[in-house]
Amino acid sequence: QVQLVESGGGLVQPGGSLRLSCVASGSIFSITAMGWYRQAPGKQRELVATFTRGGSTNYADSVKGRFTISRDNDKNTVYLQMNSLKPEDTDVYYCNALIRSTWDVNEASYWGQGTQVTVSS
C-alpha cells in the first residue's frame, strides 16, 4: 500500500503564514515527482507548486514570491511554506506524487486527502 498524508492547514489572518507537510509511506521503490495542488468549490483543481522528474520547481504565477516548495528525500516528505497569505488562497490543498511501488514496474499517481487552508480576518 502507498499513502500520502497532508497536515499543517488551518485558519490564518491575511498576511500570515502556514507550512504544509505531506508524507508518503508504504511499499515505495522511488518517487519521481511530488507537489501541491488546490481546489475551490465549483472550480478545477490547479497546480500550486511541484518538483518535476528532473528536480526543478514549478510555481503558479499567483503564488510566486510568496510560496516555497521543499522536500526531504530521506523522509519521503514534501513541504509548502506559504507566506503573505491572501483570502483568495483559501482552498483545500492536496498533495500529489508519482510513485513506483516495490511490486509494480510502472509509476502511478497518488493523491492525499487534502488539508483546509482558510485565510480570513
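Residues numbered from 1 in each chain as written. Predicted model: local features only at pLDDT ≥ 70, side-chain atom pairs only at ≥ 80, totals over all residues. Heavy atoms only, no water.

Asker: I tried to follow the sheet that holds strand β3 (residues 18-26) on my own but got confused; where do I start?
Answerer: The strands making up a sheet associate through hydrogen bonds between their backbones, and the pairing can be parallel or antiparallel. Read across the sheet, four strands follow the order β1-β3-β8-β7 without closing on themselves; strand pairing throughout is antiparallel. Each end of this open sheet is capped by a strand with a single partner; those strands are β1 (2-7) and β7 (67-72). Geometrically, the sheet is characterised by an average inter-axis angle of 15° between neighbouring strands, direction not taken into account. Relative to strand β8 (residues 77-82), β3 runs antiparallel, the two sharing six bridges. Within β8, the residue paired with R19 across the bridge is Q81. (Pairing = 2+ DSSP bridges. Helix = DSSP H or I, 4+ residues; strand = E, 2+ residues; numbered from the N terminus. Axes fitted to C-alpha atoms, helices over the stretch in contact; angles between N-to-C directions.)

Asker: It is not clear to me how the side chain of T77 should be interpreted in this structure. Could you clarify?
Answerer: Topologically, T77 is positioned in strand β8. For T77, a relative accessible area of 6% corresponds to the buried category. Polar side-chain contacts of T77 include one of 2.9 Å to the backbone oxygen of K75. Apart from residues no more than four positions distant in its own chain, T77 is found in contact with C22, V23, S70, R71 and D72. (Buried < 20%, exposed > 50% of the residue type's maximum accessible area, 1.4 Å probe, protein only. Polar contact = N/O pair within 3.5 Å; in protein donor to acceptor, adjacent residues only side chain to side chain. Contact = heavy atoms within 4.5 Å.)

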